[in-house]
Amino acid sequence: MNMNKLWRYATTALAGTMLTSGVAMAQSTGSQKFEDIVVTGKRTRDIGGAIQAETVAKARSTISQEYIERQAAGQSALQQINLLPAVNFTNNDPYGTSGGNLRIRGFDGNRIALTVDGVPLNDTGNYAIFSNQQLDPELLSKITVNLGSTDVDSPTAAAAGGTVNFSMINAKTNPGLDTVTSFGTDEFFRIFTRGDTGEIGPLGTRVFGSASYTNYNKFKGPGQLEKKQYNAQFYQPLNGSDFVSIAFHYNENRNNFIRNLTLAQFLATPNLDNDNNCIRPTPVNGTVQNESTTTCTNYYNLRINPSNTGNIRVRSKFSLTDKLTLTIDPSFQYVLANGGGYTLVQETDARLRGASTAAGVDLNGDGDTLDNVGLFSPNNTNTRRYGVIAGLIWEINADHRVRATYTYDYGRHRQTGEFSFLDQYGNPASVFGGKDGWGPKVRTADGRFLRGRDRFSIAELNQFSVEYRGDYLNGDLTATVGARIPQFKRQLNQFCFQIAGTATCTTGAPPTETVPGTRNSPNRVEVKYDKVLPNVGLLYRPFENAQIFASYAQTLSAPRTDNLYNYPRAQVGKLKPETGESFDLGVRYQTDSLISSVTVWKNNFQNRIQSSFDQDLGISVDRQVGDVELKGVDAELGYSPGNGFTAYASASYNDSSYKRNIPLSATTFAATAGKRLAETPEWTYGGRVEQKIGRFRLGLDGKHVADRYLFDDNDPRGTVPSYQVFNADANVDLSGIVPGTKKVELQVNVTNLFDKVYLGSLGSSTNFSATTTSAVGAPRTVMVTLKAGW
């Protein structure tokens with residue numbers, strides 16, 4: 001019998017052992033089972049956890065827990081993948097709680113699908129990724145990045161540029177208690193605790209619960225960042241490899257923003273930050289008077305980013321027969337968040353008067369309506385999201401299998417902007433403003449309340465997918481052929497008047513429109529998008545340890561809520577989905593000591609949506625600006641000679657270009673044709689070396705990011721210089737030395753080792769703007785961590 005075929009029979013027989021031994025699932029349960037990633041009878045090859053042997057016919061990179069635990073404790077999960085080829089993640093602070101910006105092959109985070117155990121995490125409205133709200137890194141078994149395409153059952157209408165999949169570890173088979181305690185620069189403190197029951201009861205049920213708390217000062221300017229997170233899992237093994245897993249996650253952030261700077265500000269005073277005080281007029285008889293000369297826009301306690309997020313995720317696998325498997329993964333998610341805000345409001349503002357005959361509203365209680373009063377004006381987003389991925393897998397024989405999957409994703413997306421009052425020092429009564437009783441609302445003369453926006457949308461995805469996988473030529477050739485058919489619907493309910501991006505919420509006269517036909521009155525509209533998206537791959541093994549692979553996939557990203565709300569209702573159908581064609585051609589060579597891959601890729605990205613001037617409407621709105629061509633080369637290599645030394649290196653080249661100029665007005669255009677995408681470096685390099693000697697381990701990694709542009713027309717005034725950042729880590733294993741413990745480790749991490757001053761996350765616009773702002777990279781930071789297990 002051919003050895004490849006014999007190996008597949010053996011791995012199938014060992015599936016039950018591996019599935020019940022704590023190995024985590026990567027994508028949906030169906031994708032995991034179909035690709036046979038977890039049913040290997042042998043440890044997956046990897047080098048220091050930084051690179052893993054891949055077996056799929058697409059460009060994919062994976063890091064494992066071994067590498068993740070080397071990084072600074074509590075660090076953003078997306079920071080962990082920053083060394084991978086084609087990936088550029090920029091953290092907004094040294095510990096990750098401020099969030100950051102992700103780009104893969106030139107695609108921004110809103111165009112990349114982010115999932116945990118297959119459950120979609122992108123915002124249902126604008127597809128944003130919130131890197132500071134993800135799982136604690138101690139709970140991640142691996143992170144898998146599809147660099148150019150999605151899995152065929154990916155539950156998303158937003159992925160034009162690939163996917164990032166987080167995998168949570170399972171509850172342990174033995175009871176235990178683990179703690180991770182860290183101290184660092186900027187008065188950083190974090191503690192993580194996890195407890196496992198081990199197998200309990202006659203059914204071998206396993207449960208774990210964890211909690212973490214993080215608090216530290218901003219690295220520049222006043223303010224703090226605080227994070228609380230709770231996780232739990234109930235894991236029930238069934239017959240053979242079948243199981244049911246129920247996981248719970250809750251995360252609460254209370255953050256002060258770090259001030260972004262224009263390029264000119266950065267070059268002159270990179271440490272410029274938000275104001276320490278909100279200077280309001282001295283109260284008279286307890287009442288703050290007219291604030292016409294006061295501004296608290298940059299007061300640090302109004303530049304905040306509070307969020308409450310959580311989810312419940314169920315994974316399950318049932319063997320109906322020895323050939324037929326059913327997987328069902330339902331989920332629920334909750335989000336409440338905003339980005340702070342401050343508005344100086346006249347007491348005679350039309351929104352305060354509404355349809356009443358009042359002259360205004362006395363906001364500060366001084367007996368008149370003659371003042372300007374500062375108010376807290378956050379834009380709250382509140383989402384409740386329900387989903388399920390259900391699939392059937394038919395194993396025809398050892399060489400051929402087929403699966404069919406149904407995905408349903410339903411999100412109720414409420415976006416409001418309830419104003420609220422400030423105390424005499426400029427602090428908000430509640431971080432969520434007047435939202436649902438969190439704080440006092442600002443009542444208007446017509447009996448309503450003052451708000452900056454008021455809208456409700458439903459995002460509903462029904463998706464069917466099918467996939468075939470077959471082995472040919474005695475197992476030397478693997479073919480995958482599939483398609484997904486997303487049917488996506490948005491129901492938009494606008495309760496305010498809106499012109500382009502400006503909403504006016506009032507019962508009074510509507511705002512005046514400069515261009516007739518561009519004002520939207522309160523309304524309800526429904527839009528639908530669907531497309532058949534093929535996904536094809538070939539993997540050929542010419543000789544032992546070598547692979548040649550090729551893949552083709554079509555992708556789709558439906559218009560976001562902001563795209564649609566900003567467009568005049570009568571013409572909203574003009575907005576088409578963004579689509580892409582992704583091509584990968586690559587080679588891999590993978591042994592126990594050497595893992596390498598090189599991929600040549602291309603993406604034809606069509607119907608890109610961004611803000612630009614519409615000739616027919618006479619205003620700037622979110623509209624299609626044409627096609628973008630992206631192509632490049634990604635390479636990575638891991639090496640371990642077996643003496644405790646490991647090395648990893650990656651390199652990526654990205655060549656992107658707009659296909660036409662973008663209109664700025666009826667007569668002027670931005671010269672974008674042939675220009676590179678803003679925020680996208682042409683070259684990135686990453687690398688890591690690590691040496692282990694006895695109980696000691698030392699590591700050094702670094703990342704080079706080439707010049708980037710702030711503007712789509714590549715105006716040289718917006719050229720952001722290249723930068724290199726290095727990080728070091730050292731660990732000593734004290735296990736067996738401290739009585740009563742199973743594991744004790746002391747670890748030191750130093751990020752930005754050489755204290756490089758640079759711009760990380762960039763703002764961007766179509767053409768030159770002196771007010772475009774970006775985030776300053778964090779300075780050198782030191783963290784000491786003690787890990788203990790019992």
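Please read all numbers here as calculations on a predicted model, not as lab measurements.

(A) Quick look at the overall build of the protein chain. Per the secondary structure count, the protein chain includes seven helices and 46 strands. In terms of C-alpha radius of gyration, the protein chain reaches 27 Å, essentially the compact-globule figure of 28 Å for 790 residues. Summarising its shape, the C-alpha atoms of the protein chain cover approximately 90 × 60 × 55 Å along the three principal directions. Restricting to contacts in the protein chain with at least 6 residues of sequence separation, those with at least 24 account for 68%. One way to put it: in the protein chain the 78 positive side-chain charges average out to a point 3 Å from where the 74 negative ones average out.

(B) Representation of the sheet that holds strand 25 (residues 497-499) in the model. The strand order across the open sheet formed by three strands is 26-25-27, and the pairing between neighbours is antiparallel. Both outer strands of the open sheet, strand 26 (502-504) and strand 27 (519-520), are each paired with one neighbouring strand and no more.

(C) Region of the structure containing the sheet that holds strand 6 (residues 107-108). Taking strand neighbours across the sheet as the criterion, the three strands line up as 4-5-6 in an open arrangement whose pairing is antiparallel. Looking at which strands have only one partner, the edges of the open sheet turn out to be strand 4 (87-91) and strand 6. Relative to strand 5 (residues 100-104), strand 4 is paired through five bridges, and the arrangement is antiparallel. Residue pairing across strands places Phe89 opposite Leu102, the latter belonging to strand 5.

(D) Just the environment of Asn126, in detail. One can find Asn126 in the loop between strand 8 (119-120) and strand 9 (140-146). When its relative accessible area of 26% is taken as the criterion, Asn126 is described as partly exposed. Considering only alpha carbons, one finds Asn126 and Phe645, 519 residues apart in sequence, at a separation of 44 Å. Those residues in contact with Asn126 that sit more than four places away from it in its chain are Asn110, Arg560 and Thr561.

(E) Highlighting the state of the cysteines. Counted according to the given criterion, the structure contains two disulfides. Between the sulfur atoms of Cys278 and its disulfide partner Cys296 the distance amounts to 1.9 Å. Here Cys278 and Cys296 share a disulfide; its torsion about the S-S bond, 80°, makes the bridge right-handed. You can see Cys278 sitting in the loop between helix 5 (263-268) and strand 17 (307-319) and its partner Cys296 sitting in the loop between helix 5 and strand 17, a full 18 residues away along the chain. Each of the two residues, Cys278 as well as Cys296, counts as buried.

(F) How the structure looks around the environment of Gly426. Its location among the elements puts Gly426 in the loop between strand 22 (400-418) and strand 23 (451-472). The spacing of Gly426 and Ile279 is 147 residues in sequence and 7.7 Å in space, taken between C-alpha atoms. Those residues in contact with Gly426 that sit more than four places away from it in its chain are Cys278, Arg280, Tyr299 and Leu302.

(G) The arrangement of the pairing of strand 22 in detail. Inspection of the sheet shows strand 21 (residues 380-397) paired to strand 22 by 17 bridges, in the antiparallel sense. Paired with Gly387 across the bridge in strand 22 is Asp409. Hairpin remark: strand 21 followed by strand 22, antiparallel, with two residues in the connecting loop. As paired elements, strand 22 and strand 23 share 18 bridges and run antiparallel to each other. Residue Arg414 lies in a different strand from strand 23, and its bridge partner there is Phe456.

(H) Examining the side chain of Asn122 more closely. Structurally, Asn122 is set in the loop between strand 8 and strand 9. When its relative accessible area of 6% is taken as the criterion, Asn122 is described as buried.

(I) Structural view of the side chain of Arg60. Looking at the element boundaries, Arg60 is found in strand 3 (residues 60-64). A polar contact of 2.8 Å, which involves the side chain of Arg60, links it to the side chain of Asn146.

(J) Just empty space enclosed by the protein, in detail. Summed over all chains, the structure comprises 18 cavities of 30 Å³ or more. The calculated volume of the largest cavity comes to roughly 470 Å³. Forming the walls of the largest cavity are 32 residues, and the residues nearest its centre are Gln79, Asn82, Val725, Asn727 and Thr751. When contributions to the lining of the largest cavity are tallied by element, the ones reaching two or more residues are strand 4, strand 40 (696-705), strand 43 (723-733) and strand 44 (743-751). If one sorts the elements of the lining of the largest cavity by residue count, strand 43 sits on top with five residues. Residues that form the lining of the largest cavity fall into these classes: 13 nonpolar, 13 polar and six charged. Of the volumes computed, that of the second largest cavity is approximately 270 Å³. For the second largest cavity, the lining is made up of 21 residues, of which Leu121, Gln133, Thr309, Gln333 and Val335 are closest to its centre. Mapped by element, the contributors of at least two residues to the lining of the second largest cavity are strand 7 (113-116), strand 17, strand 18 (324-337) and strand 21. Each residue belonging to the lining of the second largest cavity can be placed in one class, and the counts come to nine nonpolar, 10 polar and two charged.

(K) Looking closely at the packing of aromatic side chains. By the definition in use, this model includes 19 aromatic pairs. With 5.0 Å between their ring centres and 45° between their planes, Tyr406 and Phe464 make a pair best called tilted. Within this pair, whereas Tyr406 is found in strand 22, its partner Phe464 is found in strand 23, the two being separated by 58 residues in sequence. Looking at Tyr406, the relative accessible area reads 26%, which means it is partly exposed.

(L) Quick peek at the pattern of salt bridges. Under the defined criterion, the tally for this structure stands at 39 salt bridges. Residues Arg70 and Glu66 are paired through a salt bridge, measuring 3.6 Å at the closest nitrogen-oxygen approach. Overall, the relative accessible area of 7% leaves Arg70 in the buried class. Given a relative accessible area of 29%, Glu66 falls into the partly exposed group. Arg190 is paired through a salt bridge with Asp136; the nearest N and O atoms lie 3.3 Å apart. One end of the pair, Arg190, is in strand 12 (residues 188-196); the other, Asp136, is in the loop between strand 8 and strand 9, and 54 residues separate them in sequence. Across the pair, exposure class does not vary: Arg190 and Asp136 are buried alike.

(M) Fine view of the environment of Thr667. Mapping Thr667 onto the fold places it in the loop between strand 37 (662-663) and strand 38 (669-670). For Thr667, a relative accessible area of 69% gives the class exposed. In the structure, Thr667 is positioned 294 residues away from Val373 in sequence and 41 Å away in space, judged by C-alpha atoms.

(N) Representation of a nonpolar patch on the surface. A contiguous nonpolar surface patch, about 750 Å² in accessible area, is contributed by Tyr472, Leu473, Tyr540, Ile548, Leu585, Val587, Val598, Val600 and Val633. For Tyr540, the position within the fold is in strand 29 (residues 533-540).

(O) The arrangement of unusual backbone geometry in detail. Of note, Ala86 is a non-glycine position whose phi angle comes to about 75°, a positive value. Of the residues examined, Ala86 reaches a relative accessible area of 11% and is grouped as buried. The phi dihedral of Asp436 falls on the positive side, at around 45°, and the residue is not glycine. Tracing the chain through its elements places Asp436 in the loop between strand 22 and strand 23. A residue is classified by how much of its surface remains accessible, and Asp436, at 56% relative accessible area, is exposed.

Thresholds, definitions, all that
- Residues numbered from 1 in each chain as written.
- Predicted model: local features only at pLDDT ≥ 70, side-chain atom pairs only at ≥ 80, totals over all residues.
- Heavy atoms only, no water.
- Helix = DSSP H or I, 4+ residues; strand = E, 2+ residues; numbered from the N terminus.
- Rg over C-alpha atoms; globule rule 2.2 N^0.38 Å.
- Contact = heavy atoms within 4.5 Å.
- Lys, Arg positive; Asp, Glu negative; His and termini not counted.
- Charge placed at Lys NZ, Arg CZ, Asp CG, Glu CD.
- Pairing = 2+ DSSP bridges.
- Buried < 20%, exposed > 50% of the residue type's maximum accessible area, 1.4 Å probe, protein only.
- Disulfide = S-S within 2.5 Å.
- Polar contact = N/O pair within 3.5 Å; in protein donor to acceptor, adjacent residues only side chain to side chain.
- 1 Å grid on protein atoms, 1.4 Å probe; cavity = no way out; pocket = protein on both sides within 12 Å on 5 of 7 lines; lining within 4 Å.
- Points joined across faces, edges and corners; volume = space filled by probe spheres on them.
- Nonpolar A, V, L, I, M, F, W, Y, C, P; charged D, E, K, R; others polar.
- Phe/Tyr/Trp six-rings, centres within 6.5 Å; stacked < 30°, edge-to-face > 60°.
- Salt bridge = Lys/Arg side-chain N within 4 Å of Asp/Glu carboxyl O.
- Patch = residues over 30% accessible without salt bridge, like charges linked within 9 Å, V, L, I, M, F, W, Y side chains within 5 Å.
- Areas by Shrake-Rupley, 256 points an atom, 1.4 Å probe, with all protein chains shown as cover.

In short, geometric facts, not functional conclusions.
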